[in-house]
Amino acid sequence: MCKPKGGLAHELEPIQPDLKVFHMSYSRGSRYESRSPYRRSSHSRYRSGSRSVDSSDVENPGNNLYVTGLSARVTDRDLEKHFSAEGEVTDASVVLDPWTRESRGFGFVTMATVKEADCCIKYLDRSVLEGRVITVEKV
């Protein structure tokens, strides 16, 4: 049998010292500390690997553009074609609703250089694509 040791931290110690009985300890405001050899990782097992990098460590060179005001009819190819007038487009994607697969009205364009991205902001911001006025800004 065990008796409480006392104080805010609760520990159990054996009444008879010659018995080898393990005890549990916990303190106010904390969870039970497991003495298991299997430690829990501080990272959730459900977290995506792409999110494990701290966003403050990643530098944005300035060639990524955020485009809003897109028509539901605009495709990735239409976006790429519109922006290729100002330089080389390395990637263009319209964001789609995951269930309906319809456009959410915005997208992202990555230009080859920062200078080309700046030209896109200067000349394509408030331009018309598929009958809608779009806005272009850096991410």
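To keep things clear, this report deals only with the structure shown in the data block. (Residues numbered from 1 in each chain as written. Predicted model: local features only at pLDDT ≥ 70, side-chain atom pairs only at ≥ 80, totals over all residues. Heavy atoms only, no water.)

So, helix α1 (residues 76-83)
Point 1. Buried within α1 are the following residues: Leu79, His82 and Phe83. Each buried residue of α1 sits inside an arc of 90° when the element is viewed along its axis, so together they form one side. Projecting away from the buried face of α1 at angles above 90 degrees are the exposed residues Arg77 and Lys81.
Point 2. Those residues of α1 that are buried lie in contact with β4 (64-68), β5 (89-96), β6 (103-111), α2 (114-124), β7 (127-129) and β8 (132-138). (Buried < 20%, exposed > 50% of the residue type's maximum accessible area, 1.4 Å probe, protein only. Helix = DSSP H or I, 4+ residues; strand = E, 2+ residues; numbered from the N terminus. Arc of directions from axis to C-beta. Contact = heavy atoms within 4.5 Å.)

Observations regarding the pairing of β8
Point 1. Direction of pairing for β4 relative to β8: antiparallel, over a ladder of 4 bridges. Within β8, the position partnered with Thr68 by the bridge is Thr135.
Point 2. Examined bridge by bridge, β7 and β8 share 3 bridges and lie antiparallel to one another. Bridging across to β8, Val128 finds its partner in Val133.
Point 3. Between β7 and β8, which follow one another and run antiparallel, lie 2 residues, and Glu130 among them has a positive phi close to 55°. (Pairing = 2+ DSSP bridges.)

Focus: unusual backbone geometry
Point 1. For Arg101, which is not glycine, the phi torsion reads 65° and is therefore positive.
Point 2. Along the chain, Arg101 turns up in the loop between β5 and β6.
Point 3. According to the relative accessible area criterion, Arg101 is exposed, its value standing at 57%.
Point 4. Unusually for a residue other than glycine, Arg126 sits at a positive phi of about 65°.
Point 5. Structurally, Arg126 can be placed in the loop between α2 and β7.

Section: the packing of aromatic side chains
Given two aromatic rings, their pairing is described by the distance between the two centres and the angle made by the two planes.
Point 1. If you walk through the whole model with that rule in mind, you get 3 aromatic pairs.
Point 2. A centroid spacing of 5.6 Å and a plane angle of 40° characterise the contact between Tyr66 and Phe108, whose relative ring orientation is tilted. Separated by 42 residues along the polypeptide, Tyr66 in strand β4 and Phe108 in strand β6 bring together distant segments of the chain.
Point 3. Given the relative accessible area of 27%, Tyr66 is considered partly exposed.
Point 4. What makes Phe108 partly exposed here is its relative accessible area of 33%.
Point 5. Through pairs of rings, three or more aromatic residues link up here, namely Tyr66, Phe106 and Phe108. (Phe/Tyr/Trp six-rings, centres within 6.5 Å; stacked < 30°, edge-to-face > 60°.)

A closer look at α2
Point 1. Considered for burial, the residues of α2 that qualify are Glu116, Ala117, Cys120 and Leu124. Relative to the axis of α2, the buried residues are bounded by an arc of 105° and lie together on one face. Away from its buried face by more than 90 degrees, α2 exposes Lys115 and Lys122.
Point 2. For α2, the elements touching its buried residues are β4, α1, β6, β7 and β8.
Point 3. Phi turns positive one or two residues past the end of α2, at Arg126, with a value near 65°.

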